[in-house]
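What follows is each chain in one-letter form.
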Number of protein chains: 4
Amino acid sequence: MARVIDETKIERIKEATLHMVVQKGYGGASISEIASLAGVAEGYLYRHYKGKADLVHDLLYSNLNELINQLEQLLDNHHTVLEIFEQLTRTLFGIANVQPERIKFLYVLMHDYNFKIEESQRERILNLCTRVKVEGIKSGEIAADIDEEEIYLIGVAYPIQFINLHLKNFFNQSELGEGEIKKVLKIGKELIKK
Amino acid sequence: MARVIDETKIERIKEATLHMVVQKGYGGASISEIASLAGVAEGYLYRHYKGKADLVHDLLYSNLNELINQLEQLLDNHHTVLEIFEQLTRTLFGIANVQPERIKFLYVLMHDYNFKIEESQRERILNLCTRVKVEGIKSGEIAADIDEEEIYLIGVAYPIQFINLHLKNFFNQSELGEGEIKKVLKIGKELIKK
Amino acid sequence: MARVIDETKIERIKEATLHMVVQKGYGGASISEIASLAGVAEGYLYRHYKGKADLVHDLLYSNLNELINQLEQLLDNHHTVLEIFEQLTRTLFGIANVQPERIKFLYVLMHDYNFKIEESQRERILNLCTRVKVEGIKSGEIAADIDEEEIYLIGVAYPIQFINLHLKNFFNQSELGEGEIKKVLKIGKELIKK
Amino acid sequence: MARVIDETKIERIKEATLHMVVQKGYGGASISEIASLAGVAEGYLYRHYKGKADLVHDLLYSNLNELINQLEQLLDNHHTVLEIFEQLTRTLFGIANVQPERIKFLYVLMHDYNFKIEESQRERILNLCTRVKVEGIKSGEIAADIDEEEIYLIGVAYPIQFINLHLKNFFNQSELGEGEIKKVLKIGKELIKK
DNA sequence: GATGAATGAGGCTTCATTCAT
DNA sequence: AATGAATGAAGCCTCATTCAT
């Protein structure tokens, strides 16, 4: 009877939000700009999100979720730490090359002191790191004194940092090819004993 | 005499700004709160800064400057890459323990896609990395294929990332003692060949 | 058949509107809440009313109409002023005990400077007062200098005021029993000479 | 040094608020209309009031306060219930003739189910009624079974109701002269026992 | 020089109303 | 006939900035 919800609109809102948050940060991204960029009425947003915070939170949550899901699958299918690090890095580089703003978005919000990651997601990340640690120690790939934090820093934070440095052209090297993957993996490999 | 009072005011404004930006982010920090925290009239601020952006920019610039100066001195006095990495890490941890907000401030703004570091500062950082690279290769401490970027990432970005992960209690480990320094240096050491 | 369903819908809309206006005031009552409370589509409302104002206006009109009709019947069946006052008060108390929201609704809107009572209804009320006055003077129950206004104030406005003061617990007395009816009537009786 | 607060602006805001609330009710009165009527910037309001509710609340509070103060003085200076009622009525009529909107304002908000009078003020009103009751019973002017509520209704609510009926031209009698005072007092007198 | 009163553009949000289905 | 998705004007409010004093 009534119009059907136009899913492309919601998709456009998400894209526009991602874009604006990356361009101007959470505070600088305005609802009116997001709406106009998405080609949607300002008020329309509020039919799907409680407000700006909800919108951005939701977007962070789902992006992170997708990433975590990929990581979990990755852990299910690969068993050596080296393999895992490599696949993880390739995954992140893959996103960066196809949807650089998605990586920027995660990067910007993960470094914002006002945006806490959902507790459940923090726990899932922690669990992933524990799995890597346990399997790595069992197989003898990594030393016994390596902890989750280092795995996270080297496996996730470092590649993201690396990618964004490139996207920002900080060292005037904007490519993100096989050579860059190698560079990132080099650090990961160092972590692995012997 | 009048000058002295002024300098105190400017100093208080800088402290207040640092504090508010860290607590509430750039967008959330309001001029009126900053002024009242600094015990200064709102209008006074505009006699010294063109506006809020200018104020924060200036603060980022001077904080970064101080840090870069310290790094330059460090390079003048220490010659092995290992030493440099260690002193650098100790410097950053020292700041984190005494003025955690300064580290948070740098962390937050360096990751913001709005706040580009001054070109001159970027160059100075680049030069510092080049010096480390050159001396490291000359002394045989690091491999020939290491580049500035990696030195920056491992020597600066990684420790800052590490510190902030702790300040955020992401892995429920908030201490920043000798043990944590060791952990950070371990990665640095891995970079150094054989 | 379809008609029957319609009537229920309209009825439900009226109930929902009454409820929401009483709970949140005219401005605070939203069409979407009213529609959802009535189990009706928002758009449906606009097939029967020009808008929110029209809806509420109509509701005020019909409620007032019902009350005026009751008063007219009352006047047809009772002849002494005293009797009329008593029956009138009992009628109002009756409504207040069974449908307190109806009394609140009338109370709220009759005192709102935006909602003018329809001219035709004002005239009917005036006529009712005139009838009471004329019959009262004829029978000698009330003084010749009593006018319509006083009859309205004492017979209608005063009881409604009294009831709402109780519904608001202004004097911490929320009951509306025989004792309260007596109290109200006492004032009415005073109006009646000798 | 800086500009001095322009008290006339605050005064104009108060007047404009009173006016708009009377004309359109609390919900219908908009900040932007109030500000423009007062000839003041919209944001200026928020330097003195937390928001719209605070502004209107404050205005209701102070208006009511002034009235209650007058009533308290009145009670201090006049001792028979009759005198008190008369002076009270004259006071209210006086306001109505000079500042009709003040009376309308009180009338509108006292009948709004969303605006509760401050508890302290409710208590002061209650105390005033108690004083009248006690003194009236002591002097034998009023019956022992009269309670505070009736005193309030007859002494305050009834005159206000009466005045507003006139201001609304409900019975096409807009004058508020000596004759109308007499009419109101007649009801009051009835309350007083032989 | 310094103050803080005042401004007003622009932010977020609500909601009566329209209209494609 | 009925729905409810979509709109956008308008509401409340914040706050960087200006400027009279």
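Residues numbered from 1 in each chain as written. Chains lettered and ligands numbered in written order. Predicted model: local features only at pLDDT ≥ 70, side-chain atom pairs only at ≥ 80, totals over all residues. Heavy atoms only, no water.

Novice: Even after reading the chapter, I still don't get the interface of chain A and chain B, so can you show me in this structure?
Specialist: When the parts of a complex come together, some accessible area is lost, and that lost area is often used as the size of the interface. Listed as interface residues are 44 residues of chain A and, on the opposing side, 44 residues of chain B. Interface area for chain A against chain B, summed over the two sides, is near 4000 Å², with a carbon-plus-sulfur share of 58%. Summed over the three residues of chain A that lose the most area to chain B, namely A:Tyr113, A:Glu149 and A:Phe170, the buried surface amounts to 20% of that side. Our count for the chain A to chain B interface comes out at six salt bridges. When the shortest N-O distance is used, the salt bridge between B:Lys183 and A:Glu149 registers 3.0 Å. Applying the counting rule to chain A against chain B returns 15 residue pairs in polar contact (both at pLDDT 80 or more). Elements with a contribution of two residues or more to the side of chain A that touches chain B: α1 (7-28), α5 (100-110), α6 (119-138), α7 (148-167) and α8 (178-191) of chain A. Sort the elements by how many residues they give to the side of chain A that touches chain B and α7(A) lands first, with 14 residues. Residues of the side of chain A that touches chain B, tallied by class, amount to 21 nonpolar, nine polar and 14 charged. (Contact = heavy atoms within 4.5 Å. Buried area = accessible area lost by both parts, 1.4 Å probe. Salt bridge = Lys/Arg side-chain N within 4 Å of Asp/Glu carboxyl O. Polar contact = N/O pair within 3.5 Å; in protein donor to acceptor, adjacent residues only side chain to side chain. Helix = DSSP H or I, 4+ residues; strand = E, 2+ residues; numbered from the N terminus. Nonpolar A, V, L, I, M, F, W, Y, C, P; charged D, E, K, R; others polar.)

Novice: Explain the relation of the copies chain A and chain B to me, please; I cannot follow it from the model alone.
Specialist: Each copy of the chain is related to the other by a rotation around an axis and a translation along that axis. Once chain A is rotated about the relating axis by 178° and shifted along it by 0.2 Å, it coincides with chain B to within an RMSD of 0.6 Å. What the superposition gives is, in effect, a two-fold axis relating one chain to the other. Interface overlap between copies: 100% of the residues of chain A at the interface are likewise at the interface in chain B, consistent with a symmetric, same-surface contact. (Least-squares fit on C-alpha atoms with pLDDT ≥ 70 in both.)

Novice: Please clarify how the domain arrangement of chain A should be interpreted in this entry.
Specialist: All names here are of chain A. The assigned domain composition of chain A is domain 1 (1-48) and domain 2 (52-191). Here the C-alpha centre of domain 2 lies 27 Å away from the C-alpha centre of domain 1. Every contact between the two is made by 13 residues of domain 1 and, on the other side, 13 residues of domain 2. Both sides together, the interface formed by domain 1 and domain 2 hides about 1300 Å², and carbon and sulfur atoms give 74% of it. If you sort the residues of domain 1 by the area they bury against domain 2, Leu18, Val22 and Tyr26 come out on top, with a joint share of 49%. For the pair domain 1 and domain 2, the number of links is zero salt bridges. Linking domain 1 with domain 2 are four residue pairs in polar contact (both at pLDDT 80 or more). With 10 residues, the top contributor of residues to the side of domain 1 that touches domain 2 is α1. (Domains from an automatic or database assignment.)

Novice: I tried to follow the packing of aromatic side chains on my own but got confused; where do I start?
Specialist: The geometry of two aromatic rings is summed up by the distance between their centres and the angle between their planes. Counted under the stated rule, the structure contains 21 aromatic pairs over all chains. Look at D:Tyr26 and D:Phe115: their rings are 4.8 Å apart centre to centre, the planes differ by 70°, and that puts the pair in the edge-to-face class. Placement of the pair is D:Tyr26 in helix α1 (residues 7-28) and D:Phe115 in the loop between α5 (100-110) and α6 (119-138), with a sequence separation of 89 residues. A relative accessible area of 8% means that D:Phe115 is categorised as buried. When the ring centre of A:Tyr44 is taken as reference, the NZ or CZ atom of A:Lys9 above it lies at 5.5 Å. For D:Arg122, the ring lying beneath its charged end belongs to C:Phe170, and the centroid distance is 5.9 Å. (Phe/Tyr/Trp six-rings, centres within 6.5 Å; stacked < 30°, edge-to-face > 60°. Buried < 20%, exposed > 50% of the residue type's maximum accessible area, 1.4 Å probe, protein only. Lys NZ or Arg CZ within 6 Å of the ring centre and 35° of its normal.)

Novice: Explain the packing of α6(A) against α7(A) here, please?
Specialist: Two measures define how a pair of helices packs: the angle their axes make with one another and the distance between the axes. All names here are of chain A. Orientation of α6 relative to α7, taken along the N-to-C sense of each, is 100°, at an axis distance of 9 Å. The orientation of α6 relative to α7 falls into the category roughly perpendicular. In this structure, α6 contributes Ile125, Leu126, Cys129, Thr130, Val132 and Lys133 to the contact, and α7 contributes Glu148, Ile151 and Tyr152. Tallied by class, the residues present in the contact of α6 with α7 amount to six nonpolar, one polar and two charged. (Axes fitted to C-alpha atoms, helices over the stretch in contact; angles between N-to-C directions. Parallel < 35°, antiparallel > 145°, perpendicular 65-115°, else oblique.)

Novice: Sorry, what's going on with the environment of C:Val21 here?
Specialist: Residue and element names in this part refer to chain C. Residue placement: Val21 occurs in helix α1 (residues 2-28). On the basis of relative accessible area, Val21 is assigned to the buried category, the value being 2%. Taking C-alpha positions, Val21 is 8.3 Å from Val56, a pair spaced 35 residues apart along the chain. Setting aside anything within four residues of it in sequence, one finds Val21 in contact with Tyr26, Ala29, Val56 and Phe105.

Novice: I tried to follow the arrangement of the chains on my own but got confused; where do I start?
Specialist: At the level of C-alpha atoms, the two units chain A and chain C stay apart, their nearest approach being 10 Å. At the C-alpha level, the nearest point of chain B lies 31 Å from chain C, with no contact between them.

Novice: Explain the relation of the copies chain C and chain D to me, please; I cannot follow it from the model alone.
Specialist: Relative to chain D, chain C is turned by 178° and slid 0.2 Å along the rotation axis, the superposed coordinates differing by an RMSD of 0.6 Å. Mapped onto chain D, 100% of the interface residues of chain C again fall at the interface, so both copies present the same surface.

Novice: Quick question: what am I supposed to make of the interface of chain C and chain D here?
Specialist: Taken together, the contacts link 44 residues of chain C with 44 residues of chain D. Of the roughly 4000 Å² buried between chain C and chain D on both sides combined, carbon and sulfur atoms contribute 58%. Taken as a group, C:Tyr113, C:Glu149 and C:Phe170 account for 20% of the area that chain C buries against chain D, more than any other trio of residues on that side. Applying the counting rule to chain C against chain D returns six salt bridges. Remark: the boundary between chain C and chain D carries 16 residue pairs in polar contact (both at pLDDT 80 or more). At the level of elements, α1, α6 (100-110), α7 (119-138), α8 (148-167) and α9 (178-191) of chain C are the ones that each hand at least two residues to the side of chain C that touches chain D. By residue number, the principal contributor to the side of chain C that touches chain D is α8(C), which donates 14 residues. Each residue belonging to the side of chain C that touches chain D can be placed in one class, and the counts come to 21 nonpolar, nine polar and 14 charged.

Novice: It is not clear to me how the nonpolar core should be interpreted in this structure. Could you clarify?
Specialist: Side chains of nonpolar character tend, in soluble globular proteins, to be buried together. Counting residues in hydrophobic clusters, the biggest one holds 142 residues, and the most contacted among them are A:Phe105, A:Tyr152, B:Phe105 and B:Tyr152. Contact partners of B:Phe105, with chain neighbours within four places excluded, come to B:Leu18, B:Val21, B:Val22, B:Val56, B:Leu59, B:Leu60 and B:Asn63. Membership of the second largest hydrophobic core comes to 141 residues, among which are C:Phe115, D:Ile68, D:Ile142 and D:Tyr152. (Core = buried A, V, L, I, M, F, W, Y, C linked by side-chain atoms within 4.5 Å.)

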